[in-house]
Structures are given as structure tokens and as C-alpha cells.
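Observations on the three-dimensional arrangement
The primary structure of each chain is shown beneath.
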Amino acid sequence: QETKMATRWLVSLLVTYSLFLSCNAASGQGKRWVSWWYAPGGHNITQALQVLEAEGGSKVATSFFLYCGDNINENGTFVTGTTVECEAFAKGLTGMGIGVERVVSSPSIAAMRKAFENPSQSYTAMTAMAIQKQLIGISWDIEPSGSNTADGQAYAKYLAGLRASLATKGNIRVTTYSNAYCPVLNPFTTIENGVDRILDGDTYNTCLNCSDADAWTEWLGKYHNLINANVTLSKAAPAMLASTERSAWNCENSSIIQRATQLKNDNVPELAIFLFNPSSNFPSADNACVMSKGKKVCPCNNLWYQPARDFLASA
């Protein structure tokens, strides 16, 4: 009898601990988190998953923000995107123990204002999608022109409502891309009230054609737009641009290590990386580069794999 009781107690303890770990994984509490953005449409998903698995799978990624075509349309209603590649990649992520988060976009601030005014349809539809697709999060990527401060207040309120709707179905987080320049995404002290994480894109940028020291100084100033005493640290996720688009400095090994170390030293909970490109092999893979505005732009996310591993392992 005592053996049976001890066994039941142990099973109960293991179940409780498993639920605790599951909840913490979804909320990001009690651990470090590395997230990657990716647009699977039109890509070789088998290759993408093989690259990710070879780099360690869940050792380099906690979750992926997937662009699958989900959006708020001009009527202010939510429309679920459909891509075969997105579904296949999400399935592969789940098999590796990596969380799936879908990205929601919108064509205009006018569309978002309609959603703010009548949110029930989008809340219901996104919550249903999250359950059906077994998502651990809904992430937002909007940067509309013509927004104002009042839109920022409305956006924070809207995201808080979505978060409450999702919370009725499980531990599903809400995140948003943000920066210091777009009014609807500001101020961070307001936006943080509606989300689990602010994914700050200010840290994409640094000065062009400047010394490494000046680039670091400028980057650090933008980093402190988010990482400061006014913004709750548990809500902060500086985003890194894994590309030469804004500056070659972004793809220098030394600067990557310097930035990742800064996050670790400040106990920042999440490192967000834009963008996963399975063909990236910087500086060797010239075929992965594209011409943009008259200059060659190359991905360098392959240089972030080791810092991502180190970031997660150092929790």
C-alpha cells in the first residue's frame, strides 16, 4: 500500500512539474528565449529543416515567428493565411521541440483602427487559429504610415484584449515588433501593457561606413531605447538584423558576439533574430545575396547560430 501511495505521489509530482515547465516555456518565464523570423513560402522546406536540425534544433531556437499570410484586412477583420510550406515547416518545428508563432500584419492604419473599434471577430478568429495550429504565440508585425499617439494607446488596449482571449485557451503569448519612430508602436511603456514581449527593431540599425567603435556606440544607444529602467525587463526582446542590409558591421563576428554578450550581461530574457535564411553561409555563399537599391545585400544568420546556442545554454 505504501509503495502504491509513493508511486501515485511521484506520478502526481512529475505531472505537476511537466505542466510547470510547459507553462514557463510558453510564457518565457524562468528561461532564456531565442526567436527567429522566417517566411517559408516558396522555399525548400526539407532543406530549411535539415539546416535547422544540423545546427541543434531547439538548442538554437525556442520559437519561430512564421509569415504565413495572416492579416487584418481593410475591413478590420482577421484572415488566416494558407501556405503549404508554412504548415510543413511548422510541423517540422514541432517535431524538434521548437514553438510556432504566427505573424499577423495589416495593410494600413485604417484597417487597424477598424479592428480596434470592433475587435471581437479578430479575437475569436485568432484564438481559434492558435488552438487549431497548436501555436505558442501570436506575433504582430505592423509599421503603418499615418498613425498617431492615440493609435498607440488603442493598439496596446487591443493587444491586451487579444492576450486575455488567448489566455482562456492556454498559455499563448502575444508579441509585437516595435520601434521608437512609428507612433502606433509607441511608447514602449504603453505597448508593454498589452504584450508578453516587445520585439524592438531599433537594434537593426547602426551607422553606415563608420568605425566599429562608432557603430557599437550608436547601436548601444538604440538598445537602451528598450533596455532601461522605464521598460519592464521581462517584456524586452532586442531584435538583431542578420544581414548586411543596414551595415556590414551587422555581420561581423566580433559585433555579433559583442551584442549577444550585452544581452546576457543585462539578463535580457529574449534574443530575436531577423531573418532565418537556410542558404546563409556568410561570407562564402554569394548565391544567397540579392541586389537591393543598387547594392548587394547578404544574409549572415549562420553567424548567429553559435551565439544563439550560447545564449540559451547560459540561462
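Cut-offs used in this document
Residues numbered from 1 in each chain as written. Predicted model: local features only at pLDDT ≥ 70, side-chain atom pairs only at ≥ 80, totals over all residues. Heavy atoms only, no water. Helix = DSSP H or I, 4+ residues; strand = E, 2+ residues; numbered from the N terminus. Rg over C-alpha atoms; globule rule 2.2 N^0.38 Å. Buried < 20%, exposed > 50% of the residue type's maximum accessible area, 1.4 Å probe, protein only. Contact = heavy atoms within 4.5 Å. Areas by Shrake-Rupley, 256 points an atom, 1.4 Å probe, with all protein chains shown as cover. Lys, Arg positive; Asp, Glu negative; His and termini not counted. Charge placed at Lys NZ, Arg CZ, Asp CG, Glu CD. Salt bridge = Lys/Arg side-chain N within 4 Å of Asp/Glu carboxyl O. Disulfide = S-S within 2.5 Å. Expected span 1.5 Å × (residues − 1). Arc of directions from axis to C-beta.

This paragraph deals with the overall build of the protein chain. Scanning the protein chain from N- to C-terminus turns up 10 helices and 12 strands. Its C-alpha atoms give the protein chain a radius of gyration of 20 Å, within 12% of the compact-globule value 20 Å for 315 residues. Its C-alpha atoms give the protein chain principal-axis dimensions of about 75 × 45 × 45 Å. Residues classed as buried in the protein chain amount to 50% of the 315 residues present. Considering only contacts within the protein chain whose residues lie at least 6 apart along the sequence, 75% involve residues at least 24 apart. Total accessible area on the protein chain stands at roughly 14300 Å², and carbon and sulfur atoms take up 54% of it. Positive and negative side-chain charges of the protein chain, numbering 24 and 25 respectively, have mean locations separated by a distance of 7 Å.

So, on to the pattern of salt bridges. Applying the stated criterion to the full structure yields 11 salt bridges. Arg309 serves as the salt-bridge partner of Glu55, at 3.2 Å between the closest nitrogen and oxygen. Placement of Glu55 in the loop between α2 (45-54) and β2 (63-66) and of Arg309 in helix α10 (residues 305-313) is noted, with a sequence separation of 254 residues between them. Overall, Arg309 belongs to the partly exposed group, its relative accessible area being 22%. Between Lys296 and Asp286 there is a salt bridge whose closest N-O contact spans 2.8 Å. Of this pair, Lys296 sits in strand β12 (residues 295-297) while Asp286 sits in the loop between β10 (270-274) and β11 (290-292); the two residues are 10 residues apart in sequence, bridging distant segments of the chain.

Time to look at the state of the cysteines. Disulfide: a covalent bond formed between the sulfur atoms of two cysteine residues. Going through the model one piece at a time under the given rule, you end up with 4 disulfides. In this model Cys251 forms its disulfide with Cys300; the gap between the sulfur atoms is 2.1 Å. Looking down the S-S bond of the Cys251 and Cys300 bridge, the torsion is -75°, so its handedness is left-handed. Taken together, the residues span a long stretch of sequence, with Cys251 in the loop between β9 (236-241) and α9 (253-265) and Cys300 in the loop between β12 and α10 at a distance of 49 residues. Look at Cys251 and you get buried, because its relative accessible area is 4%.

A separate point is helix α5 (residues 120-132). Under the 1.5 Å per step criterion, the end-to-end length of α5 is 18 Å for 13 residues, consistent within 8% with the ideal 18 Å. Buried within α5 we find Ser122, Tyr123, Met126, Thr127, Met129 and Ala130. Axial view of α5: buried residues confined to an arc of 160°, hence all on one face. In α5, the exposed positions that point more than 90 degrees away from the buried face belong to Ser120, Thr124 and Gln132.

This part takes up the environment of Val231. Take Val231: it is sitting in the loop between α8 (212-223) and β9. Along the backbone, Val231 and Ile72 are 159 residues apart, and their C-alpha atoms lie at a distance of 28 Å.

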